[in-house]
Amino acid sequence: SEELVTGWSTMPADLGQQSHARFHTVRWRLTLLAAALVAVTLIVSAAGLVTLDQRLLVRAVDETLVQRADNIEADVASGAIAAALRQEGDFEDSFAQIIDTNGLVVAATTNAALLPAVTRPLGPEFTQVFRRVSAPPLSVHEFRILARPVPSTSGMKTLVVAKNLDDVTESVRTLMLSLAISIPIAVSLLAAVVWWLMGRALAPVEAVRAEVSGMRGADLHKRVPVRDKDDEISRLARTMNALLERVEQATNRQREFVADASHELRGPLTRVRSL
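Summarised in this report is the structure supplied together with it. (Residues numbered from 1 in each chain as written. Predicted model: local features only at pLDDT ≥ 70, side-chain atom pairs only at ≥ 80, totals over all residues. Heavy atoms only, no water.)

Points about the overall build of the protein
Alright, step 1. Of the regular secondary structure elements, the protein holds five helices and five strands.
Alright, step 2. If you list the helices and strands of the protein from N to C, you get α-α-α-β-β-β-β-β-α-α.
Alright, step 3. Counting all 275 residues of the protein, 28% fall into the buried class.
Alright, step 4. On the protein, roughly 18000 Å² of surface is accessible, and the fraction owed to carbon and sulfur atoms is 61%. (Helix = DSSP H or I, 4+ residues; strand = E, 2+ residues; numbered from the N terminus. Buried < 20%, exposed > 50% of the residue type's maximum accessible area, 1.4 Å probe, protein only. Areas by Shrake-Rupley, 256 points an atom, 1.4 Å probe, with all protein chains shown as cover.)

Here it is, written out as structure tokens:
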């Protein structure tokens, strides 16, 4: 019973050692290295792609804001503020404000009538300013605003036009989700392909190892197969065959020496025994 318990207690350790050794093979190391390098490359590329996509989308929003501000500015300068601030699109999509030098909203689109000033008044030294702001009564998403100083018949005003960034946020989120799903799949497929290719590439090496490990003293005349290629594996096989040749020659010389020594000592030993 003691031997049985001892045998069972050593089995998990042996299995753990075999598993640990398996994960330290060249095949495993190269597969993991290739997968890690590709994963890092894809993650860095994905981060750059997401950043670029976000910048392009925000730039498109900025161009829309500039166009609308250009359309409104002339009306504000002439004093036709009410006509300039007509509501465009959905109530949650965009809004506009006119802010005086004291920071008070003197006019706004219908959906922004209860909103406080989303930016401070700008002086004539500014051309235009882009910012991100939140407007909770309108939307949970951020707004991209353009603010620029505009002279009017009643003094300097600050024109603010804003557009919801929900389309940008949703687009970036969709892209990130797609990349989060596709990158692990791509890395897994690559790891499987590398594992298969490394298995095929190292199969001749494993054949040489298996052939040599199965040799005994009476098998020294055998040789490992050599492929008709001048590559590393073929050179390894030829080197192994040269080593086997030297071992066989040394073993034969040792056997001949032992046979000669036995023959030379047989006569004296016979005479000694006869005395």
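Quick notes on the packing of aromatic side chains
Alright, step 1. The final tally for this structure, using the stated rule, is two aromatic pairs.
Alright, step 2. An angle of 55° between the planes, with centres 4.9 Å apart, marks the rings of W28 and W195 as tilted. Here W28, found in helix α2 (residues 26-78), pairs with W195, found in helix α4 (residues 166-213); they are 167 residues apart in sequence, far enough to count as distant.
Alright, step 3. The exposure class assigned to W195 is partly exposed, which follows from its relative accessible area of 29%. (Phe/Tyr/Trp six-rings, centres within 6.5 Å; stacked < 30°, edge-to-face > 60°.)

As for the sheet that holds strand β1 (residues 94-99)
In a beta sheet, neighbouring strands pair by backbone hydrogen bonds and run either parallel or antiparallel.
Alright, step 1. If you walk across this open sheet you meet the five strands as β2-β1-β5-β4-β3, and the pairing is antiparallel. The outermost strands of the open sheet, each flanked by one partner alone, are β2 (105-108) and β3 (129-134). Put simply, the sheet's adjacent strands are angled 30° from each other on average, direction ignored.
Alright, step 2. When β1 meets β2, the two strands line up antiparallel, connected through three bridges. (Pairing = 2+ DSSP bridges. Axes fitted to C-alpha atoms, helices over the stretch in contact; angles between N-to-C directions.)

Notes on the environment of I183
Alright, step 1. Position of I183 among the secondary structure elements: in helix α4.
Alright, step 2. The exposure class of I183 is buried, given its relative accessible area of 15%.
Alright, step 3. In this structure, I183 is in contact with L42, I43 and A46, ignoring residues within four places of it in sequence. (Contact = heavy atoms within 4.5 Å.)

Structural notes on the pairing of strand β4 (residues 142-152)
Alright, step 1. β4 sits mainly inside the fold: nine of its 11 residues count as buried.
Alright, step 2. As paired strands, β3 and β4 are joined by six bridges and run antiparallel to one another. Across the sheet, the residue bridging to V129 is A147, located in β4.
Alright, step 3. If you look at the hairpin formed by β4 and strand β5 (residues 155-164), you'll find two residues sitting between the two strands.

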